[in-house]
Amino acid sequence: MFELFVFSIINGLVYGMLLFMLSSGLTLIFSMMGVLNFAHASFYMLGAYAAYQISVYVGFWPALIIAPLIIAFLGALTERYGLRHVHQYGHVAELLFTFGLVYVIDEIVHLIWGRLPVDYRIPPSLDFSLFTLFGASFPAYRGFMLLVSVVMFVVLYLVLTKTRVGMIVRASLSHPDMVRALGHNVPMVFTMVFALGTGLAGLAGVIAGNYFITEPGMAWAMGPIVFVVVVFGGLGSIVGALWASLIIGIIQTAAVAMPYSLADLFAVFGLQLTRDAPLADFWFLELARIAPILPYLLLVLILVFRPRGLMGTRET
Amino acid sequence: MLEVKDLHAYYGKSHILQGVDMHVGKGEIVSLLGRNGVGRSTTCKAIMGLVPPIGSVRYNGVELAGKEPHQIARLGLGYVPEDRQVFPGLTTRQNLELGMKSARSNGRWTIEDAYELFPRLKERADTPAEVLSGGEQQMLSMCRTLMGDPELIIVDEPTEGLAPMIVEQVGRFLLEIAQRGVSILLVEQKLTIALRISQRVYVMGHGKIVFEGTPAELQANAQVRKEWLEV
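1. Points about the interface of chain A and chain B
If you look at the interface, chain A gives 18 residues, while chain B gives 25 residues. Both faces combined, the contact of chain A with chain B buries some 1,900 Å², and carbon together with sulfur accounts for 62% of it. It is R164(A), M178(A) and L182(A) in chain A that bury the most area against chain B; as a group they hold 32% of the surface buried on that side. For the pair chain A and chain B, the interface holds 1 salt bridge. Between E68(B) and R180(A) there is a salt bridge, with the nearest N and O atoms lying 2.7 Å from each other. Where chain A touches chain B, the interface holds 6 residue pairs in polar contact (both at pLDDT 80 or more). Those elements that place two or more of their residues in the side of chain A that touches chain B are α6 (164-174) and α7 (176-181) of chain A.

Structure representation (structure tokens):
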């Protein structure tokens, strides 16, 4: 049991920090521009594909740097020449724009790389076991993912709290019009934040694409979870996004490893259920099998009991 | 230096400004008076480009209509909004720093000047702006705009909801910066301060200017005051 606990925490941390890379960008973009960017996970997928394509020619390490930059640039173009024009027609138009973008990116990925997974692999230099714990080995690449995401968090935190640009971004979260009236080019800051957010999503794609599988469905697999994290943490709160990412990462990872069901819980209180009890399928449903829906359950609960999320400042 | 001609503005379908004409000269303190909802704040926002202006707003001969707010600010206009809009999460000092248009500011005003004008701000330098009192937030908001070294500053209802003593301080502050060469367009609902410090006053009603003159002329004109100002 202790073993399970330790591994759930470590793996949950890795997965949670990956979620944070996506959700931090999404929540920044939302709180500055009021746009819920449906295409955020699509940029994550593009990051993975770009890294695959680049690594075919020059290897993984250059791809780690180049791919997120390319995605950030694509993000900047999307904001500058797409969203900014759509903005004048209101939020619904913006939502529809990003929603449409999801399908456009999907089709582009299909056209270029096909419908089957591509062969994007962990670099041989990181393909070894970092340490062995309780007889199970911990892959070095997982440690590397954790390292990249922690470094990214520290850099993001320092930029936002210690630099002038970070101050302008934080001020624009509450009163963008006032920041403009003080002579700061807020639309340009928006473009930069959008680029930063999509770049982070791209980076997440680069380091997760080879750990999981790089295939056209990966955006759909990740997108909804990231929304849950953002809403759970509180829209507009980076720290909230961090906590929410870790909590959801750990819960989901731990749940997958737990073969317990409600029937087991009743048994603890001395109520033995048998297989022919009414609704037996439900009572004997193992936690591991409902793990994928746990985040959505959390989403519903937080919306009911605390609509502004863990640390959000406004109502969702 | 600021010349507004036939200015119109809309919020959705409602026609808020219906042809405003006014001007502010160099070194002048001009007050824009009127009841709530007649379009005084909208006039400020339209001049700053925060509400799309229709018509002409010229500043030192440059047409402002159609420019972005940050471009307008960089031409030398400052704006202090009615609701103060201090940045929560940032300290008093950081709020003042953001008032500067670039990191290495060489404007006439330094943060030390702000602390001298309002010693209260110095005491609160490292306090998050959102926990300041209403009066302190007003001081901060005005000083923040001043950091950007404007030649003309638009101050929207600076005395709203403040204690009489603070209102006096705000009045002295406005006179002080005017003496140092900043022109002021003051939007007010209360007459006391406005009549005392302004050289000229405008009265606004239903999206138009309905009176222009000196404070003395307004005081003599009971009919305008009764129709457009008194409750």
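Past the structure itself, the notes keep going.
2. Focus on the side chain of R84(B)
Residue and element names in this part refer to chain B. Assignment of secondary structure puts R84 in the loop between β6 (77-80) and α3 (92-99). No salt bridge is formed by the buried R84; the nearest opposite charge belongs to E160, separated by 5.9 Å. Filtering out sequence-adjacent residues up to four positions away, R84 remains in contact with G134, Q137, Q138, S141, R144, P158, E160 and L162.

3. As for the pairing of strand β10 (residues 208-213) of chain B
Strand direction decides the pairing type here: strand β9 (residues 200-205) of chain B and β10(B), joined by 5 bridges, are antiparallel. Note on β10(B): the bridge partner recorded for M204(B) is I209(B).

4. Remarks on the sheet that holds β10(B)
All names here are of chain B. An order of β6-β7-β8-β3-β9-β10 is seen for the 6 strands of this open sheet, with the pairing classed as mixed. Only two strands of the sheet have a single partner each, and these edge strands are β6 and β10. Taken pair by pair, the neighbouring strands of this sheet meet at an average axis angle of 20°, ignoring direction. In the sheet, strand β7 (residues 152-156) pairs with strand β8 (residues 183-188) via 5 bridges, with the strands oriented parallel. Counterpart to I153 in the pairing with β8 is I184. Here helix α10 (residues 222-229) sits on the sheet in contact with β3 (29-33), β9 and β10, set at roughly 45° to β9.

Conventions used here
- Residues numbered from 1 in each chain as written.
- Chains lettered and ligands numbered in written order.
- Predicted model: local features only at pLDDT ≥ 70, side-chain atom pairs only at ≥ 80, totals over all residues.
- Heavy atoms only, no water.
- Contact = heavy atoms within 4.5 Å.
- Buried area = accessible area lost by both parts, 1.4 Å probe.
- Salt bridge = Lys/Arg side-chain N within 4 Å of Asp/Glu carboxyl O.
- Polar contact = N/O pair within 3.5 Å; in protein donor to acceptor, adjacent residues only side chain to side chain.
- Helix = DSSP H or I, 4+ residues; strand = E, 2+ residues; numbered from the N terminus.
- Buried < 20%, exposed > 50% of the residue type's maximum accessible area, 1.4 Å probe, protein only.
- Lys, Arg positive; Asp, Glu negative; His and termini not counted.
- Pairing = 2+ DSSP bridges.
- Axes fitted to C-alpha atoms, helices over the stretch in contact; angles between N-to-C directions.

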